[in-house]
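Tertiary structure, described
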Amino acid sequence: MKKHSSLLLAVAAFVTAFFLHACRADDRSHACGAGIAVFYPATFDSVGLLPSLALVAEPSRTGTLPRGWKVKPLFSVEQGKNVITIPVGKDVDLYGTGEVVGALRRNGTSTTTWNLDNYVYALNEGKNLYQSHPWILGVRPDGSSFGILVDSPWRLEITLSDTTLVTTEGPAPRVLVIERDDPASVVKALGELTGKIEMPPLWALGFQQSRWSYFPDARVKEIADEFRKRNIPCDVIWMDIDYMDGFRVFTFDPARFPEPAALNDYLHESDFKAVYMIDPGIKKDSLYDVYRQGTDGDHWVKDKDGREFNGPVWPGACAFPDFTRPETREWWTGLYEDFLSTGIDGVWNDMNEPAVFRVESHTMPEDNLHRGGGVLPPGPHARYHNLYGMLMVKATREALMKYRPGKRPFVLSRANYIGGQRYAATWSGDNASRWEHLRMSIPMTLNLGLSGQPFNGADIGGFGGSARRDLLAHWMAVGVYYPFARNHSVQNSADQEPWAFGEEIENVSRRAINRRYMLLPYLYTLFREASVTGLPVARPLFFADTRDTSLRREEQAFLLGQDLVIVPRWAKAPRLPRGAWENFRLEEDEDDGYQPLLAIRPGAVIPVNKVIQSTVEYTTDSITLLVNPADDGTATGLLYDDDGDGYGYKNGDFALHRFTVSRRGDNALELDVERVEGTRDTRRQYRIGYVNGGKIRYSAWADDTTRVFPLVR
Ligand code: MIG
């Protein structure tokens, strides 16, 4: 049914484009929703560009281009390349373009959309990394904002300035432009166009520990045991490529991981989840079942002459599934059945740019052939390169939904394309254990969030090289606020588990992770918001006050949601939003000098929890409401709660509560709790933590029929 309608849409778009071919450029542009317009070049090539995998639906024509429309792309051809010139206006601050290195504010930068295995971001000056987001967010001095989506998976060069330029050797793409009063509304509109994340399982928001690689299985258990023994909260242990038998995906090394089901049981018994890596390269080995099946089923990407393409990756010569084919995606989904039956909880898809060794391009030839099928036409690799990872994780996600029915899928992907947040979370690939990369991780997570992908984070501690003691401590202290928080490192690097550098750094790490778990009710509520609205979880500070242009370059301090500012300890002269934001501390012991400063917005209520060792213990039975009343003495906040997994929430089995708190004299606060969405019954006790002058004064605990909370200390 769905397939048919997108096919019809594609055909309709093709016909429309063909008809419009004869028209003037202006006639081709039209409104597609309130404050959204689409601009077509005169030579729009629908076969090369449609259907759009970025968009969840073809833009429909809702009228002509509104009068006075500000941002208008102009199309031309220069030196054989298609060029889009976009005058965006002076004094506009530009953001977005997805996973990028360098400053948060992108004016004057140029980015290439071409997914690349870019170890420590060293290739091509870091201008292209693992994912592609042809998307620009512009914020004017008055806070009014626009978004530009260049709807093409082909390689684009995007140069951002007052006159922004996009050039491509691919066909001339159409461009969607969004106009709104503020940047948050633009990002929400992007979410409407390209889709939002689905609610992840709660455990995926816990702290996670990885390295390339923990092996054998005994070492994995040892790591898990250390967390529990040392009372350092953790939810997930990650299995990198060395669990496999000779890097053959969907196999287990018979000596190192002889009993994966027993290992996974062991992890589950101590409240861990297990995530395993799967790469796209399939070892060319006639005795290997997956290779044989792929060959029999004709699933491989072909070279330009129509022969099976082979390229070297970890296992040696490999063939690559042609994920543009529906039959191939279905086959790929099926491969996960036995694999997941060992009790695997989540899947990590790596190397899906796709990465190919020993060639200068680090990928397959652009004239390789993808056969497509269903709504996708056949096309060269140049057309499908940036979509390869996205189509792979789409199939992986389907496997998790099919073979673990009733559980929410969790997929982590290295490569992706704009809109790919619908299928997988991401991390920023192979960063380095260097100060510069710790600092840069913040603008990276922010720009990914502004580009539609809220569920992301950098490798905590840094991947390439070895983290030193102080760097790890600072990285743990800040990294726990990434929406996706995982410590990971390259093979043969120095250990960087929280305890690797002795007691002091272990304590710093524990404190940091404890803070994440205490903030989980707030964080989970933000993920819920992201899944409904498309808003990022981690946000640039200028979201706090979109007219304060002095915040536009702040990239050390950042926001979690709209109520919490995180100021890293190493931040130099951070610009903070005006107003009576109040600093507070979550832990009771002394300041260790590493934990970021936290500040709560005037008028905000932030729900926090007690420390737990994993989300298996998570309940919202006893919630502390941190409150910073605004000038008028009131504050409001939200708490989302559901089963933490499964789909009950889709049938109303969740509760979204709104708290309204008002000051009652100097020593008491009044609380009003209202369930604003959902049908889930909750009984809980609350206490209020009144944040004032850098201190928190608490009320006693009381049940939810209580309205007045006297402060007792
Ligand atoms: O060529 O699986 O980015 O996280 O540890 C390296 C081994 C392949 C790259 C990933 C990294 C992972 C590593 N992989």
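Residues numbered from 1 in each chain as written. Predicted model: local features only at pLDDT ≥ 70, side-chain atom pairs only at ≥ 80, totals over all residues. Heavy atoms only, no water.

1. Considering the overall build of the protein chain
Along its length, the protein chain carries 13 helices and 42 strands. Taken against the 2.2 N^0.38 rule, which gives 27 Å for 713 residues, the C-alpha radius of gyration of the protein chain at 25 Å falls within 12% of a compact globule. Taken along its principal axes, the extent of the C-alpha atoms in the protein chain is 75 × 70 × 45 Å. Expressed as a percentage of the 713 residues in the protein chain, the buried residues total 64%. (Helix = DSSP H or I, 4+ residues; strand = E, 2+ residues; numbered from the N terminus. Rg over C-alpha atoms; globule rule 2.2 N^0.38 Å. Buried < 20%, exposed > 50% of the residue type's maximum accessible area, 1.4 Å probe, protein only.)

2. Brief notes about the sheet that holds strand 29 (residues 538-540)
Picture the strands of a sheet paired through backbone hydrogen bonds; they go either parallel or antiparallel. With antiparallel pairing, 5 strands are arranged side by side in an open sheet as 29-30-31-33-32. At either end of the open sheet lies a strand with only one pairing partner, and these are strand 29 and strand 32 (582-584). When the angles between neighbouring strand axes are averaged without regard to direction, this sheet yields 35°. In terms of strand pairing, strand 30 (residues 558-560) meets strand 31 (residues 564-567) through 3 bridges, oriented antiparallel. (Pairing = 2+ DSSP bridges. Axes fitted to C-alpha atoms, helices over the stretch in contact; angles between N-to-C directions.)

3. Re the site of the ligand
With respect to spatial proximity, 13 residues lie near the ligand, and among them Asp240, Trp314, Asp350, Asp430 and His488 are the closest. In the model, an oxygen atom of the ligand is placed 2.5 Å from a nitrogen or oxygen of the aspartate 240 side chain. Aspartate 430 is positioned such that a nitrogen or oxygen atom in its side chain is 2.5 Å from an oxygen atom of the ligand. Burial of the ligand by the surrounding chains reaches 95%, relative to a free accessible area of 350 Å². (Near = heavy atom within 4 Å. Polar contact = N/O pair within 3.5 Å; in protein donor to acceptor, adjacent residues only side chain to side chain. Areas by Shrake-Rupley, 256 points an atom, 1.4 Å probe, with all protein chains shown as cover.)

4. Examining helix 10 (residues 435-450)
Along its 16 residues, helix 10 runs 24 Å from first to last C-alpha, staying within 8% of the 22 Å computed at 1.5 Å per residue. A maximum bend of about 30° is found in helix 10 at serine 441, where proline proline 443 lies one to four positions downstream. Summarising burial for helix 10: 13 of the 16 residues are buried, a large majority. In the segment just after helix 10, glycine 452 is the residue with positive phi, at about 100°. (Expected span 1.5 Å × (residues − 1). Bend = angle between axes of the 7 residues up to and from the residue.)

5. Regarding the packing of helix 8 (residues 326-340) against helix 9 (residues 381-403)
Look at helix 8 against helix 9: their axes get within 8 Å of each other, and the N-to-C directions meet at 45°. As far as their axial angle goes, helix 9 and helix 8 are oblique. The two elements helix 8 and helix 9 cross, and the hand of that crossing is right-handed. Residue-level contacts link Arg329, Trp332, Thr333, Gly334, Tyr336, Glu337 and Leu340 of helix 8 to Leu391, Met392, Lys394, Ala395, Thr396, Glu398, Ala399, Leu400, Lys402 and Tyr403 of helix 9. (Parallel < 35°, antiparallel > 145°, perpendicular 65-115°, else oblique. Left-handed = near helix turned anticlockwise from the far one by under 90°. Contact = heavy atoms within 4.5 Å.)

6. Details of the sheet that holds strand 23 (residues 411-413)
Here 9 strands make up an open sheet; going across it, the order is 26-25-23-20-16-15-14-28-27 and the pairing parallel. At either end of the open sheet lies a strand with only one pairing partner, and these are strand 26 (456-457) and strand 27 (459-460). Bridging between strand 25 (residues 425-427) and strand 26 involves 2 bridges; their strand directions are parallel. Across the sheet, threonine 426 pairs through a bridge with asparagine 456, a residue of strand 26. Here helix 8 sits on the sheet and contacts strand 16 (273-278) and strand 20 (346-349); the angle it forms with strand 16, its principal contact strand, is near 140°. Contacts from helix 9 reach strand 16, strand 20 and strand 23 within the one sheet, and its direction differs from that of strand 23 by about 170°.

7. Things to note about the domain arrangement of the protein chain
Considered domain by domain, the protein chain is made up of domain 1 (24-194) and domain 2 (527-710). Taken over C-alpha atoms, the centre of domain 1 sits 34 Å from the centre of domain 2. Listed as interface residues are 14 residues of domain 1 and, on the opposing side, 14 residues of domain 2. When the two sides are added together, the surface that domain 1 and domain 2 hide from each other amounts to roughly 1200 Å², 63% of it contributed by carbon and sulfur. Contact with domain 2 buries surface across domain 1, with Leu104, Arg105 and Lys188 losing the most and accounting together for 33% of the total. (Domains from an automatic or database assignment. Buried area = accessible area lost by both parts, 1.4 Å probe.)

8. Re the environment of alanine 317
Inspection of the secondary structure puts alanine 317 in strand 19 (residues 316-319). Exposure remark for alanine 317: the relative accessible area of 41% places this residue in the partly exposed category. C-alpha of alanine 317 to C-alpha of proline 607: the two residues are 290 residues apart in sequence and 52 Å apart in space. Beyond its immediate sequence surroundings of up to four residues, alanine 317 is in contact with Ile282, Lys283, Lys284, Gly311 and Pro312.

9. Comments concerning the environment of glycine 89
Of note, glycine 89 is situated in the loop between strand 5 (81-87) and strand 6 (93-96). Along the sequence, glycine 89 and isoleucine 566 sit 477 residues apart, while their C-alpha atoms lie 32 Å from each other.

10. What to know about the side chain of threonine 251
Position of threonine 251 relative to the elements: it lies in the loop between strand 15 (236-239) and helix 6 (260-269). Among the polar contacts made by the side chain of threonine 251, one reaches the main-chain amide nitrogen of aspartate 245 at a distance of 3.1 Å. Here the side chain of threonine 251 touches arginine 248 through a polar contact of 2.6 Å, landing on its backbone oxygen. When near neighbours in sequence (up to four residues on either side) are disregarded, threonine 251 contacts Tyr243, Met244, Asp245 and Tyr288.

11. Describing the packing of aromatic side chains
Counted by the stated rule, this structure contains 42 aromatic pairs. Judged by centre distance (5.0 Å) and plane angle (85°), the rings of tyrosine 40 and phenylalanine 44 are edge-to-face. For the pair tyrosine 40 and phenylalanine 44, a shared accessibility class is recorded, and that class is buried. Ring centres of tyrosine 276 and phenylalanine 339 lie 6.1 Å apart, and the angle between their planes is 85°; this geometry places the pair in the edge-to-face category. Taken together, the residues span a long stretch of sequence, with tyrosine 276 in strand 16 and phenylalanine 339 in helix 8 at a distance of 63 residues. (Phe/Tyr/Trp six-rings, centres within 6.5 Å; stacked < 30°, edge-to-face > 60°.)

12. Focus: the nonpolar core
In terms of nonpolar packing, the biggest core is built from 179 residues, with Tyr243, Ile278, Trp332, Phe339, Phe410 and Leu560 touching the most fellow members. With 11 residues, the top contributor of residues to this core is helix 9. Two domains share this core, each providing at least three of its residues, namely domain 1 (24-194) and domain 2 (527-710). Within the second largest apolar cluster, 19 residues are counted, among which are Ala37, Trp69, Ile148 and Val150. (Core = buried A, V, L, I, M, F, W, Y, C linked by side-chain atoms within 4.5 Å.)

13. Points about the environment of tyrosine 522
Mapped onto the secondary structure, tyrosine 522 falls in helix 13 (residues 520-533). Owing to a relative accessible area of 5%, tyrosine 522 belongs among the buried residues under this scheme. Residues tyrosine 522 and aspartate 240 lie 282 residues apart in sequence; the distance between their C-alpha atoms is 31 Å. Contact partners of tyrosine 522, with chain neighbours within four places excluded, come to Leu560, Gly561, Gln562, Asp563, Leu564, Ile606 and Pro607.

14. Concerning the pairing of strand 20
The alternating pattern of strand 20 places Gly346 and Trp348 and Val347 and Asn349 on opposite faces, both of which are buried. Two strands pair when backbone bridges link them, and strand 16 and strand 20 are joined in this way by 4 bridges, in the parallel orientation. Within the sheet, the bridge partner assigned to tyrosine 276 lies in strand 20 and is valine 347. Bridging between strand 20 and strand 23 involves 3 bridges; their strand directions are parallel. Bridge pairing in strand 23 places asparagine 349 opposite serine 413.

15. Observations concerning helix 13
An α-helix turns once every 3.6 residues. As a result, residues three or four positions apart point the same way. Between its first and last C-alpha atoms helix 13 spans 19 Å; for 14 residues at 1.5 Å apiece the expected length is 20 Å, and the two agree. With 12 of 14 residues buried, helix 13 lies mostly within the body of the structure. Of the residues making up helix 13, those classed as buried are Leu520, Pro521, Tyr522, Leu523, Tyr524, Thr525, Leu526, Phe527, Arg528, Ala530, Ser531 and Thr533. Two residues or fewer past helix 13, glycine 534 is found with a positive phi of approximately 85°.

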